[in-house]
Amino acid sequence: MDKVCLHRIIRLLKQLQGINPFDGDSKPSGVRLFSPGEGRPTLPFPHPWNYSQPIRILETFFWNADREQGPGRHNRYLDVPGFTPVLVTRDPGIIRAILSATGDQPGQFDRDTLPSTGIARATGKDTLLFANGPFWRIQRKLAAPSFGKSALFQPEKFHEFEETFRQTIRKRLDSLQLHFEKSGEQTIRIKLEPEIKVVMLEMLANNFFGAQISYEEIRDRFTPALERVIDHIVSDTVINKMGIPITRMPSITPRIAQLKIDFVSFEKLTDLVLAPRKEGRALWKQFKSDAPDDKLRSNIRVFLAGALEATTSFATWAPSHLSRNQEIQERVYQEVKDIDTYTPDNLDQAKHLNWVMEETLRLTPSLYFLPRRATADTWIETVDKRKMFIPKGTHILLDVWHANRCEDYWGVKATGFPALDFAPDRWDALTARGQVAKEFFHFGFGHGPRVCPGKFLGQLEVGLVVGAVIKKFRFRAVNSNNPVKAGVSTKPMDGTLVDLELR
Ligand code: HEM
């Protein structure tokens, strides 16, 4: 019997005896696969009946965890005999340690590809998002610098992007204003999410990548097509166990037929944003690589679908929270009303807007969990010297959603405000205490070597949209509660339904 086989048998025997495969002073506590009578929200793994409620699956791991006092309060695991263990953590110290130890060095953590098999089938596997190890490093070096702060925030470059972004937003808001003036209505009831999504795709495709696609085509063809492709990605990851791409399936249902058309549109959009590369327009001016277009296609698909999802999520949550907080909305208005250009200085000085953005990503992070995989038996250590042993192969879900909502870490004692409240002022207090950069991480853009390369582009786009909407309109939520819907990213369940009024 070879070593691997022996190891597997020993592992199985330990699993059957219920021995905890983790170790250290931050050892997680176990959750049971089935737990009748405990009232858990759902089973602790995705299946065809619960995959559309991923946040409930994560919640299941922490069901009754608040009764525990040890490290198991925030670190939990599931270990089913015959399967690799799953670790779910909402402990920011452990999350940070694992994110910092992710990369291409031997023994470092990988991004777990299991939750993104559907994304890879739709975009191709040769992407910055899906790749691990040396191949990821090559992709990162190739793609990330074009999005970085030094590329975007040089005064000349910044000005160019900021101006075209701003014009795009102005045009869309002007047509909304016209609607008010023509109809003579004082307020209109509107879902902001569909409007924001179109602007986000327009900014990404036309302003950032330099394509020249008409607004109508972006609104009527490309945005709905991408939306359906993204919805499909979520179900495809859980349901399509055979791994057959939708484009190879016969069109036996109207849904499959529609999706095939949508994938053709996705390809067309990819062509359109790659075309300006030859002329060196927009982003392509600073893209230094001689890789042929074909080698870039998968990454472009990831940027289009991923960035659209993430920026729309961020830019719909911010007004969603503000629509329930008139006083904060007014404060941001006073701050931006005289700002015409968003220079890096102006953006830095718009402190209320910045706190609103931080608080939005804390309370309602766009990416609600970050998946990792242990490539070897690994000991991790937190900044405050706590240790955890993680066995090779473990699937890890870094549960940012619940970490950021946990009273122990973000509550009254730690920050002066309840963790579940939308309170931009908590950042004021934390900044005054000098604690922000060192101690309070919300992981809204990730952390460590695989931190989001689109962070500065995303912040700029979202800041511009939120600032421009507040400058022109006052808005109030229609619903008092603000529940979440989650797929690839999170969004407000009501599509940011507001009563909008011209200022
Ligand atoms: C403003 C909204 C955005 C948010 C909230 C966001 C969030 C994130 C987060 C949390 C990660 C880390 C994932 C992980 O550690 O597993 C990430 C990675 C990534 N993001 Fe973003 N993102 C945003 C915008 C963008 C944009 C505009 C682009 C590109 C145009 C982009 C491209 C990527 C890519 C390619 C990765 C993978 C990087 C790697 O693994 O090395 N993101 N993003």
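Residues numbered from 1 in each chain as written. Predicted model: local features only at pLDDT ≥ 70, side-chain atom pairs only at ≥ 80, totals over all residues.

## Here's the deal with the overall build of the protein
Next, step 1: For the protein, the count of helices and strands is 20 helices and 13 strands.
Next, step 2: Computed over the C-alpha atoms, the radius of gyration of the protein is 23 Å, within 12% of the 23 Å expected from 2.2 N^0.38 for a compact globule of 503 residues.
Next, step 3: For the protein, the spread of C-alpha atoms along the principal axes amounts to about 75 × 55 × 45 Å.
Next, step 4: Expressed as a percentage of contacts within the protein between residues at least 6 apart in sequence, the contacts between residues at least 24 apart total 72%. (Helix = DSSP H or I, 4+ residues; strand = E, 2+ residues; numbered from the N terminus. Rg over C-alpha atoms; globule rule 2.2 N^0.38 Å. Contact = placed C-beta atoms within 7 Å.)

## Some words on the site of the ligand
Next, step 1: Surveying the vicinity of the ligand reveals 25 residues, the closest of which are A310, G446, C452, G454 and G458.
Next, step 2: When its residues are assigned to classes, the shell around the ligand shows 15 nonpolar, 7 polar and 3 charged. (Near = placed C-beta within 6 Å. Nonpolar A, V, L, I, M, F, W, Y, C, P; charged D, E, K, R; others polar.)

## Examining the domain arrangement of the protein
How big an interface is tends to be reported as the loss of accessible area on association of its parts.
Next, step 1: Structurally, the protein comprises domain 1 (1-100 + 368-443) and domain 2 (138-367 + 444-502).
Next, step 2: Contacts between the two partners involve 22 residues from domain 1, matched on the other side by 23 residues from domain 2.
Next, step 3: Elements with a contribution of two residues or more to the side of domain 1 that touches domain 2: α2 (54-61), α3 (92-100), α15 (400-404) and α18 (425-432).
Next, step 4: Here the residues of the side of domain 1 that touches domain 2 sort into 16 nonpolar, 3 polar and 3 charged. (Domains from an automatic or database assignment.)

## Let's talk about helix α10 (residues 254-274)
Next, step 1: The first and last C-alpha atoms of α10 sit 30 Å apart over 21 residues, in line with the 30 Å expected at 1.5 Å per residue.
Next, step 2: For α10, every residue scored as buried is listed here: L259, D262, F266, L269, T270 and V273. Considered in projection along α10, the buried side chains sweep an arc of 100 degrees and stay on one side of the axis. Turned more than 90 degrees away from the buried face of α10 sit P254, V264 and D271, all of them exposed. (Expected span 1.5 Å × (residues − 1). Buried ≥ 20, exposed ≤ 12 C-beta atoms within 10 Å, placed from the backbone. Arc of directions from axis to C-beta.)

## As for the sheet that holds strand β6 (residues 370-373)
Next, step 1: The strand order across the open sheet built from 6 strands is β1-β2-β3-β9-β6-β4, with neighbouring strands paired in mixed fashion. In this open sheet, the two edge strands, each paired with only one partner strand, are β1 (29-30) and β4 (110-111).
Next, step 2: Looking at chain direction, strand β2 (residues 75-78) and strand β3 (residues 86-89) are connected through 4 bridges and run antiparallel. By the bridge assignment for β3, N75 is matched with T89.
Next, step 3: Strands in contact with α3 are β2, β3, β6 and β9 (395-398); relative to β9, the strand with the most contacts, it is inclined by about 125 degrees. (Pairing = 2+ DSSP bridges. Axes fitted to C-alpha atoms, helices over the stretch in contact; angles between N-to-C directions.)

## Things to note about unusual backbone geometry
Next, step 1: A positive phi angle, close to 65 degrees, is found at N64, a residue other than glycine.
Next, step 2: Counting through the fold element by element, N64 comes out in the loop between α2 and β2.
Next, step 3: The backbone of F443 shows a phi angle near 60 degrees, a positive value even though the residue is not glycine.
Next, step 4: Within the secondary structure, F443 is located in the loop between α19 (436-439) and α20 (455-472).
Next, step 5: Given 23 C-beta atoms within 10 Å, F443 falls into the buried group.

## Here's the deal with the pairing of β2
Next, step 1: What you see with β2 is no split at all: N75 and Y77 on one side and R76 and L78 on the other are buried throughout.
Next, step 2: Where β1 meets β2, 2 bridges bridge the pair, whose relative direction is parallel. Across the sheet, G30 pairs through a bridge with Y77, a residue of β2.
Next, step 3: Note on the crossover from β1 through α2 to β2: the handedness is right-handed. (Right-handed = clockwise from strand over helix to strand, strands pointing away.)

## Examining the sheet that holds strand β5 (residues 187-191)
Next, step 1: One open sheet accounts for 3 strands, arranged β5-β13-β10; its pairing is antiparallel. Whereas interior strands pair on both sides, the edge strands pair on one side only; in this sheet they are β5 and β10 (473-477). Between one strand axis and the next, the sheet turns by 30 degrees as a mean value, whatever way the strands run.
Next, step 2: Sheet analysis places β5 next to strand β13 (residues 497-502), joined by 5 bridges and oriented antiparallel.

## Remarks on the packing of helix α14 (residues 351-363) against α18
Next, step 1: α18 packs onto α14 with a crossing angle of 105 degrees between their chain directions and a minimal axis gap of 8 Å. Taken together, α14 and α18 sit at an angle that is classed as roughly perpendicular. For the pair α14 and α18, contact is made by W355, E358 and E359 and by R426, W427 and D428, respectively.
Next, step 2: Of the residues assigned to the contact of α14 with α18, the class counts are 2 nonpolar, no polar and 4 charged. (Parallel < 35°, antiparallel > 145°, perpendicular 65-115°, else oblique.)

## Description of the nonpolar core
The tendency in soluble globular proteins is for nonpolar side chains to be buried as a group.
Next, step 1: Ranked by internal contacts, the top residues of the largest apolar core, which has 115 residues, are I98, L204, L304 and V465.
Next, step 2: The leading source of residues in this core is helix α11 (residues 293-322), at 14 residues.
Next, step 3: The residue makeup of this core includes at least three contributed by each of domain 1 (1-100 + 368-443) and domain 2 (138-367 + 444-502).
Next, step 4: In contact with I98, not counting residues within four places along its chain, are F109, R372, I380, I396 and L398. (Core = buried A, V, L, I, M, F, W, Y, C linked by C-beta atoms within 7 Å.)

## What to know about the packing of helix α8 (residues 192-208) against α20
Next, step 1: Contact geometry of α8 with α20 gives a least axis separation of 11 Å together with a crossing angle of 130 degrees. With respect to α20, the axis of α8 lies oblique. For the pair α8 and α20, the crossing hand works out as right-handed. Contacts between α8 and α20 involve I196, V199, M200, M203 and F208 from the former and L457, E461 and V465 from the latter.
Next, step 2: Of the residues in the contact of α8 with α20, the class split is 7 nonpolar, no polar and 1 charged. (Left-handed = near helix turned anticlockwise from the far one by under 90°.)

## Some thoughts on α8
Next, step 1: The terminal C-alpha atoms of α8, which comprises 17 residues, lie 22 Å apart, in line with the 24 Å expected from a rise of 1.5 Å per residue.
Next, step 2: Within α8, 15 of the 17 residues are buried, which leaves it mostly tucked inside the rest of the structure.
Next, step 3: Note on α8: the residue one or two positions beyond its end, G210, has a positive phi of about 80 degrees.

## As for the environment of R137
Next, step 1: Its location among the elements puts R137 in helix α5 (residues 133-143).
Next, step 2: What makes R137 partly exposed here is the crowd of 15 C-beta atoms within 10 Å.
Next, step 3: Sequence spacing of R137 and S35 is 102 residues, and the spatial spacing of their C-alpha atoms is 42 Å.

## Details of the environment of N299
Next, step 1: As for its placement among the helices and strands, N299 is situated in helix α11.
Next, step 2: Considering only alpha carbons, one finds N299 and L129, 170 residues apart in sequence, at a separation of 8.1 Å.
Next, step 3: When residues no more than four places from it in sequence are discounted, the contact partners of N299 are T127, L128, Q139 and A143.

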